[in-house]
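Take a look at the letters that make up each chain.
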Amino acid sequence: MGRRLIIAGGGIGGMAAALALEREGIAVNVFERAPAFAEIGAGMSLWPNATRILRSWGVLDPLLETSETVTHFDLLRPDGGTISTIPMGGFDTPAVCLHRADLHRVLMRALSPGCVVPDRRLVSFTHGADIGVTADFAGGPSVRADGLIGADGVHSVVRARLHGPSDPIFRGYCIWRGIGPETPGGSRGHITETWGRGQRFGVMPMGGGRVCWYATRNGPAAQADGDKGRKSEIQGLFAGWHRPIQELIEGTNASDIIKNDAQDRRALPRWSRGCVTLLGDAAHPITPNVGQGACMAIEDAACLAKSLRGEPDLAAGFAAYEEARRGRTTFVGRQSRRIGAIGQLENPIVVAARNLVTRAVLFASRDMTLNSVYGFES
Ligand SMILES: Cc1cc2nc3c(=O)[nH]c(=O)nc-3n(C[C@H](O)[C@H](O)[C@H](O)COP(=O)(O)OP(=O)(O)OC[C@H]3O[C@@H](n4cnc5c(N)ncnc54)[C@H](O)[C@@H]3O)c2cc1C
């Protein structure tokens, strides 16, 4: 009988892993705690390192129908002046902005019927060299399999059980996200990020008349919304910033604005134990500054499937996978943390110097930096 694996968590990482493994002929089930897959109102960027893999899986074309291709990344000042512009056209597959739910749906549709089991929260598991894994769920009976992949996000139960419980590290700012309408005169294909003092605003057109935006502000963890509500608070914070920032916030349904703390974790020295491993945010959550968290999960999935190809020993395959992935994910996580720290600087003199230095550094090292992240082939 062939190998059978369980994936805990049906986010982008879990779905991508299931697809990559099914393509290798491995039987897999994804157990997701949510009873249904809700339309989480957030847009996201996917960069060439991820779209290259999605193309190899045959799922890029349907995504291109509901996304916008990114031609440029523009770094701006609050008055709209340009700090730097990075053209994004020089890769074999495009960078795109899209709705998270569209990516999720396309991955899920590519899986075999019955692969995904909703409403099943993993609570615990036992594992051993000769016995495989027995996974226990809050919403149903235990399941036995040859191995378990924890793709259960930043607060992973699988990670906590393998490596001990710990809290994510808060990086000093929060992030709001929303989806607003396209505005007349908006630049199609341009992602913009505007750097102020201790706050940033990002604009990502994602096709179909929709524009995803995000905003950041320095402050304590888990800060409550202002008295007048989340939307007015953001409007006040970004008053006087260039167009179309106010129009975008104004055109966003207040109850759809999502708020998260910027957080990540220290890199683990090991991810796997025997026939259990981790993938995506469960293994290496990163701050969102380079838009690479889901891209890393997709890279993980491709690498995991490759590492198991023709490998009779599951534990050896998992060890090879994490060996191949640890350095890369640590590097990208560090880059993201640094960019976030620079983008959130507050002191006006330091900020003026930052903008000048960033312009010069991006100009000098642009191709090298882009290729190191986006040119990656798993
Ligand atoms: C503000 C913000 C903006 C971002 N923008 C981008 C971007 O533009 N591009 C990009 O590539 N990345 C971006 N990211 C990162 C990206 O969202 C994550 O890295 C990515 O979603 C990780 O996917 P995952 O499947 O590993 O985890 P998750 O998406 O967290 O999925 C985990 C899944 O596991 C389920 N689960 C949890 N516990 C259990 C359990 N015990 N049993 C069963 N199921 C369980 C959850 O319900 C969930 O469905 C952003 C993140 C943030 C916070």
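Residues numbered from 1 in each chain as written. Predicted model: local features only at pLDDT ≥ 70, side-chain atom pairs only at ≥ 80, totals over all residues.

K.L.:
How do you make sense of the overall build of the protein when you look at a structure like this?
P.N.:
Counting secondary structure elements, the protein contains 10 helices and 18 strands. Counting only C-alpha atoms, the protein reaches 65 × 45 × 35 Å along its principal axes. Sequence separation of at least 24 residues holds for 73% of the intrachain contacts in the protein that already meet a minimum separation of 6. (Helix = DSSP H or I, 4+ residues; strand = E, 2+ residues; numbered from the N terminus. Contact = placed C-beta atoms within 7 Å.)

K.L.:
What is the right way to look at the site of the ligand in this model?
P.N.:
Surveying the vicinity of the ligand reveals 32 residues, the closest of which are G9, G11, G153, G280 and G293. Broken down by secondary-structure element, the contributors of at least two residues to the shell around the ligand are helix 1 (12-23), strand 3 (43-46), strand 13 (169-181) and helix 8 (293-308). When residues in the shell around the ligand are grouped by element, the largest group, four residues, is from helix 8. In terms of residue class, the shell around the ligand is built from 14 nonpolar, 12 polar and six charged. (Near = placed C-beta within 6 Å. Nonpolar A, V, L, I, M, F, W, Y, C, P; charged D, E, K, R; others polar.)

K.L.:
Is there a simple way to explain the sheet that holds strand 10 (residues 132-137) in this structure?
P.N.:
By definition, the strands of a sheet pair up through backbone hydrogen bonds, in either a parallel or an antiparallel sense. An order of 9-10-11 is seen for the three strands of this open sheet, with the pairing classed as antiparallel. Taken across any chain shown, the strands that pair with only one partner, and hence form the sheet edges, are strand 9 (122-128) and strand 11 (140-145). For this sheet the average axis-to-axis angle between neighbouring strands, irrespective of direction, equals 15°. (Pairing = 2+ DSSP bridges. Axes fitted to C-alpha atoms, helices over the stretch in contact; angles between N-to-C directions.)

K.L.:
For this particular structure, what's the right way to read the packing of helix 8 against helix 9 (residues 314-343)?
P.N.:
The packing of two helices is summarised by the inter-axis angle and the distance between the axes. In the contact formed by helix 8 and helix 9, the axes pass within 8 Å of each other and the chain directions differ by 155°. When the axis of helix 8 is compared with that of helix 9, the two are roughly antiparallel. Between helix 8 and helix 9 lies a crossing of right-handed hand. Taken together, the residues of helix 9 that come into contact with helix 8 (itself represented by M296, D300, C303, L304, S307 and L308) are G317, A320, Y321, A324, R325, T329 and V332. Tallied by class, residues from the contact of helix 8 with helix 9 come to eight nonpolar, three polar and two charged. (Parallel < 35°, antiparallel > 145°, perpendicular 65-115°, else oblique. Left-handed = near helix turned anticlockwise from the far one by under 90°.)

K.L.:
Which parts of the structure should I look at to understand the sheet that holds strand 18 (residues 276-278)?
P.N.:
Taking strand neighbours across the sheet as the criterion, the five strands line up as 8-2-1-12-18 in an open arrangement whose pairing is parallel. Two strands close off the open sheet at either side, each with one partner strand: strand 8 (116-117) and strand 18. One ladder, built from four bridges, connects strand 1 (residues 4-8) with strand 12 (residues 147-150); its direction is parallel. Counterpart to I6 in the pairing with strand 12 is L148. Running over the sheet, helix 1 touches strand 1, strand 2 (27-31) and strand 12 and is turned about 170° from strand 2.

K.L.:
Hey, could you run me through the nonpolar core in this one?
P.N.:
Buried together is how nonpolar side chains tend to be arranged in soluble globular proteins. Counting 94 residues, the largest nonpolar core has I7, A16, A17, L148, L279, I298 and A301 as the members making the most contacts within it. No other element matches helix 8, which puts 11 residues into this core. (Core = buried A, V, L, I, M, F, W, Y, C linked by C-beta atoms within 7 Å. Buried ≥ 20, exposed ≤ 12 C-beta atoms within 10 Å, placed from the backbone.)

K.L.:
Looking at this structure, I do not really get the pairing of strand 11. What am I missing?
P.N.:
Each regular strand displays side chains that alternate between the two surfaces of the sheet. Two strands pair when backbone bridges link them, and strand 10 and strand 11 are joined in this way by four bridges, in the antiparallel orientation. If you follow T134 over to strand 11, its bridge partner there is R144. Counted between consecutive antiparallel strands, the loop separating strand 10 from strand 11 contains two residues.

K.L.:
What should I look at first to understand the pairing of strand 12 in this one?
P.N.:
Neither face of strand 12 is open: one carries G147 and I149, the other L148 and G150, and all of them are buried. Sheet topology places strand 12 next to strand 18; three bridges connect them, and they run parallel. Across the sheet, the residue bridging to G150 is L278, located in strand 18.

K.L.:
Please explain the environment of S56 as it appears in this structure.
P.N.:
Looking at where S56 falls in the secondary structure, it is placed in helix 2 (residues 48-56). The spatial distance from the C-alpha of S56 to the C-alpha of P285 is 25 Å, given a sequence separation of 229 residues.

K.L.:
Looking at this structure, I do not really get helix 8. What am I missing?
P.N.:
Spanning 16 residues, helix 8 covers 23 Å between terminal C-alpha atoms, matching the ideal 22 Å at 1.5 Å per step. In terms of burial, helix 8 is largely enclosed, as 15 of its 16 residues are buried. Remark: G310 follows helix 8 within two positions and exhibits a positive phi of approximately 70°. (Expected span 1.5 Å × (residues − 1).)

K.L.:
How should I be thinking about the environment of V157 in this particular structure?
P.N.:
Structurally, the position occupied by V157 is in helix 5 (residues 157-163). V157 sits in the buried class, given 20 other C-beta atoms within 10 Å. Sequence separation between V157 and R121 is 36 residues; the distance between their C-alpha atoms is 9.7 Å. Ignoring anything within four residues of it in the chain, the contact list for V157 reads A8, L122, V123 and D152.

K.L.:
Which parts of the structure should I look at to understand helix 4 (residues 100-109)?
P.N.:
An α-helical turn contains 3.6 residues, so a residue and the one three or four places further along point in the same direction. What helix 4 keeps buried is the set D102, L103, H104, V106 and L107. Looking at the buried side of helix 4, the elements it contacts are helix 1, helix 3 (60-64) and strand 7 (95-99).

K.L.:
Please clarify how the packing of helix 1 against helix 4 should be interpreted in this entry.
P.N.:
It is at 9 Å that the axes of helix 1 and helix 4 come closest, and there the two elements cross at 25°. Classified by the angle between their axes, helix 1 and helix 4 sit roughly parallel to one another. Once helix 1 is placed against helix 4, the crossing between them reads as left-handed. Contacts between helix 1 and helix 4 involve I12, M15, A16 and L19 from the former and L103, H104, L107 and M108 from the latter. Across the contact of helix 1 with helix 4, the residue classes break down as seven nonpolar, one polar and no charged.

K.L.:
Explanation requested: the environment of R309 in the structure shown.
P.N.:
Relative to the assigned elements, R309 resides in the loop between helix 8 and helix 9. Judged by C-beta crowding, with 11 C-beta atoms within 10 Å, R309 ranks as exposed. Distance in space between the C-alpha atoms of R309 and S372 is 26 Å, their sequence separation being 63 residues.

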